[in-house]
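Residue-level structure breakdown
Chain by chain, the residues run as shown.
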Amino acid sequence: ICAATKSILYGFRTPMMVTLAVILFLTLVGPKLFCGWICPVGAIQELIAMLADKLGIRRRKWNFRFTQGVRVGIFLLFVFISGTAILHTVQNEKIVALSLYDYMNAFTGFEFAFQPTLLDNIFHFLPFILTLGFAFLFYRPFCYLVCPVGLLTNRVEHFALFRVVLRKPPCNDCGVCKTKSPSPTVPEILKDS
């Protein structure tokens, strides 16, 4: 996530372009191949969802249009803040924009380097801890509310080779898939959108 947003801030570099190409390729092969099988934050949220099911913790379902609106809003705020450099630091006597996603990046929880002060540690690990906590209450909260990579793959997966589609002849509109699936996108698929 940091690489994706910092490339917008500091220019696209070869490692970022390769990473983005791999993500897009996997998404074009099958939706959520990256998010569901490679992303460590997605994987840990999936494990927590399975644990919540085993413990009988009932998760609330998101409305997909709401989550998509929040995710787009955060991304647009990121673009605005980056463009205006409201959040910035000074390096080599130049003002350098900071990424809004730096403050809500759950991936930093996988970096076990402790920070110099207690407050720095709280800011470092808080997004990860919040993601873990909310994952017991909602399905993949970071993915559906924050992740800009998920925002990109959500658009690209409509062209995927093995995308999810609704097949009307075998479907009898019973709604079981809508109630059983934790994913908020299933009702949107059933609406044929």
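Check the entry above for the structure.
Report on the accompanying structure. (Residues numbered from 1 in each chain as written. Predicted model: local features only at pLDDT ≥ 70, side-chain atom pairs only at ≥ 80, totals over all residues. Heavy atoms only, no water.)

With respect to the overall build of the protein
Scanning the protein from N- to C-terminus turns up 10 helices and 2 strands. Tracing the protein from N to C terminus, the helices and strands come up as α-α-α-α-α-β-β-α-α-α-α-α. Seen through its C-alpha atoms, the protein measures out along the principal axes to roughly 65 × 35 × 25 Å. Here the protein holds 193 residues, and the buried ones make up 37% of them. Residue pairs in contact within the protein that sit at least 24 positions apart in sequence constitute 69% of those at least 6 positions apart. As displayed, the protein has an accessible area near 12,100 Å², and 69% of this comes from carbon and sulfur atoms. The protein carries 19 positive and 10 negative side-chain charges, and their two centres are separated by 8 Å. (Helix = DSSP H or I, 4+ residues; strand = E, 2+ residues; numbered from the N terminus. Buried < 20%, exposed > 50% of the residue type's maximum accessible area, 1.4 Å probe, protein only. Contact = heavy atoms within 4.5 Å. Areas by Shrake-Rupley, 256 points an atom, 1.4 Å probe, with all protein chains shown as cover. Lys, Arg positive; Asp, Glu negative; His and termini not counted. Charge placed at Lys NZ, Arg CZ, Asp CG, Glu CD.)

Some words on a nonpolar patch on the surface
On the surface, Leu118, Leu119, Ile122, Phe123, Leu126, Leu130, Phe134 and Leu137 cluster together into a nonpolar patch covering about 750 Å² of accessible area. For Phe123, a relative accessible area of 53% corresponds to the exposed category. (Patch = residues over 30% accessible without salt bridge, like charges linked within 9 Å, V, L, I, M, F, W, Y side chains within 5 Å. Salt bridge = Lys/Arg side-chain N within 4 Å of Asp/Glu carboxyl O.)

Observations concerning the side chain of Glu157
Position of Glu157 relative to the elements: it lies in the loop between helix H8 (148–156) and helix H9 (176–180). In this structure the side chain of Glu157 is engaged in a polar contact, spanning 3.3 Å, whose partner is the side chain of Lys32. Those residues in contact with Glu157 that sit more than four places away from it in its chain are Thr27, Pro31, Lys32 and Arg163. (Polar contact = N/O pair within 3.5 Å; in protein donor to acceptor, adjacent residues only side chain to side chain.)

Focus on the environment of Phe78
Tracing the backbone through its elements, the reader meets Phe78 in helix H5 (residues 64–84). Along the backbone, Phe78 and Tyr101 are 23 residues apart, and their C-alpha atoms lie at a distance of 7.3 Å.

Here's the deal with the pattern of salt bridges
Considering all chains together, one arrives at 3 salt bridges under this definition. Arg140 is the salt-bridge partner of Glu46, the closest N and O atoms lying 3.0 Å from each other. Here the residue Glu46 occupies a position in helix H4 (residues 40–55), and Arg140 occupies one in the loop between helix H6 (118–135) and helix H7 (141–145), the gap between them amounting to 94 residues. The class of Arg140 is buried, set by a relative accessible area of 8%.

Details of the packing of aromatic side chains
Applying the stated criterion across every chain yields a total of 7 aromatic pairs. Ring centres 6.0 Å apart and planes at 50° place the aromatic pair Phe114 and Phe125 in the tilted group. With a gap of 11 residues between them, Phe114 in the loop between strand E2 (94–97) and H6 and Phe125 in helix H6 connect regions that are remote in the sequence. Under the relative-accessibility criterion, Phe114 is labelled exposed at 69%. According to the relative accessible area criterion, Phe125 is buried, its value standing at 12%. The interplanar angle of 45° and the centroid separation of 6.4 Å between the aromatic rings of Tyr139 and Tyr144 together place this pair among those described as tilted. Here the two residues Tyr139 and Tyr144 agree in accessibility, since each one is buried. Members of the aromatic cluster, each reached through a chain of ring pairs, are Trp62, Phe66 and Phe138. (Phe/Tyr/Trp six-rings, centres within 6.5 Å; stacked < 30°, edge-to-face > 60°.)

From the geometry alone we can't say anything about function, so treat these as descriptive.
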